[in-house]
Amino acid sequence: MPSFDVVSEADMIEVRNAVDQAKKEITTRFDFKGSSANVEQKEAELTAYADSDFQLTQVKDVLINKLGKRNVDVRFLDEGKIEKIGGDKVKQVIKIKNGLETEDAKKITRIIKDSKMKVQASIQGESVRVTGAKRDDLQAAMAMLRKEVKDTPLEFNNFRD
């Protein structure tokens with residue numbers, strides 16, 4: 001029976017490349033000369049450092065720009081609160097969301113069931129498995145999910161015929 005999985009995962013290799021490019025631009029930009037502006041990555045967590053709130057927004061703009069050029073959806077980013085560290089310096093932790101939360105998975109299954117399409121959806125961990133009798137039904141379900149779900153970046157993988 002044909003099926004596919006609906007997941008929400010950022011490409012961590014592209015995230016690392018974007019962080020490296022952002023670091024390079026921050027070190028070479030004139031308005032960041034002599035400042036402690038920087039971006040660090042630990043697993044699925046980015047930390048932006050700067051000398052002021054304004055400079056922190058500039059660092060985040062550079063990072064988001066680089067992520068956009070690398071086709072990493074910015075909806076994966078979950079920005080924490082801005083913290084003061086020693087003197088005037090500030091930092092902000094930005095988490096990268098991976099996997100569908102249970103609320104989002106339930107929302108996706110509800111959308112599929114309410115559509116009266118000839119497909120079934122079941123939650124399996126951090127993904128939703130959609131099965132159907134025909135490949136065309138599955139492709140229609142993909143198109144409908146792309147249109148209906150705007151707040152979470154979705155990917156469709158593990159397509160089986």
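Just above sits the structure.
Here's a quick rundown of the structure.

**Looking at the sheet that holds strand β1 (residues 3-7)**
The antiparallel open sheet is built from four strands, whose spatial order is β6-β7-β1-β8. Every other strand in the sheet has two partners, leaving β6 (119-124) and β8 (155-160) as the edge strands with one partner each. Direction aside, neighbouring strands of the sheet carry axes that sit 25° apart on average. Summarising the sheet, β1 and β8 pair through four bridges and their orientation is antiparallel. Counterpart to V6 in the pairing with β8 is F156. Sitting on the sheet, helix α3 (residues 102-114) touches β1, β6 and β7 (127-132), and the angle it makes with β6 is about 170°. Against the sheet, helix α4 (residues 135-148) makes contact with β1, β6, β7 and β8, and its axis sits at roughly 170° relative to β8, the strand it touches most.

**A closer look at the nonpolar core**
The biggest cluster of nonpolar side chains holds 23 residues, and the ones touching the most others in it are V15, I26, L46, V59, L63, L67 and I96. Counting only elements with at least two residues in this core, the list comes to α1 (12-28), β3 (45-50), α2 (53-69) and β5 (90-96). Once you skip the residues sitting within four places of it in the chain, V59 turns out to touch I26, F32, A37, N38, V39, A48, Y49 and A50.

**Observations concerning the environment of R110**
Note that R110 resides in helix α3. Residue classification places R110 among the partly exposed residues on the basis of a relative accessible area of 47%. Sequence separation between R110 and A121 is 11 residues, and the spatial gap between their C-alpha atoms is 8.6 Å.

**Observations regarding the packing of α3 against α4**
To describe two helices that pack against each other, one gives the angle between their axes and the distance between the axes. The contact between α3 and α4 brings their axes to 11 Å, and the two run at 125°. Judged on the interaxial angle alone, α4 and α3 are oblique. Crossing geometry of α3 relative to α4 is assigned as right-handed. Residues I108, I111 and I112 of α3 pack against M144, L145 and E148 of α4. Looking at the contact of α3 with α4 residue by residue, the class counts come to five nonpolar, no polar and one charged.

**Quick notes on the sheet that holds β5**
Sheet strands pair by backbone hydrogen bonding; their relative direction is either parallel or antiparallel. Sheet architecture is open: four strands sit in the order β2-β3-β5-β4, paired in antiparallel fashion. Pairing within the sheet leaves two strands with one partner each, and these edge strands are β2 (38-42) and β4 (77-84). For this sheet the average axis-to-axis angle between neighbouring strands, irrespective of direction, equals 20°. The pairing of β4 with β5 spans six bridges and is classified as antiparallel. Bridge pairing in β5 places L77 opposite I96. Here α1 sits on the sheet and contacts β2, β3 and β5; the angle it forms with β2, its principal contact strand, is near 160°. Those strands touched by α2 are β2, β3, β4 and β5, and its axis lies near 140° from that of β3.

**Points about α1**
Residue pairs three or four apart in sequence face the same way in an α-helix, which turns once every 3.6 residues. For α1, built from 17 residues, the straight-helix expectation of 24 Å at 1.5 Å per residue is met to within 8% by its first-to-last C-alpha distance of 24 Å. Listed as buried for α1 are E14, V15, A18, V19, A22 and I26. Each buried residue of α1 lies within a common arc of 140° when the element is viewed along its axis, so the set occupies one face. Turned more than 90 degrees off the buried face of α1, the exposed positions are I13, K24, T27 and T28.

Parameters and conventions
- Residues numbered from 1 in each chain as written.
- Predicted model: local features only at pLDDT ≥ 70, side-chain atom pairs only at ≥ 80, totals over all residues.
- Heavy atoms only, no water.
- Pairing = 2+ DSSP bridges.
- Helix = DSSP H or I, 4+ residues; strand = E, 2+ residues; numbered from the N terminus.
- Axes fitted to C-alpha atoms, helices over the stretch in contact; angles between N-to-C directions.
- Contact = heavy atoms within 4.5 Å.
- Core = buried A, V, L, I, M, F, W, Y, C linked by side-chain atoms within 4.5 Å.
- Buried < 20%, exposed > 50% of the residue type's maximum accessible area, 1.4 Å probe, protein only.
- Parallel < 35°, antiparallel > 145°, perpendicular 65-115°, else oblique.
- Left-handed = near helix turned anticlockwise from the far one by under 90°.
- Nonpolar A, V, L, I, M, F, W, Y, C, P; charged D, E, K, R; others polar.
- Expected span 1.5 Å × (residues − 1).
- Arc of directions from axis to C-beta.

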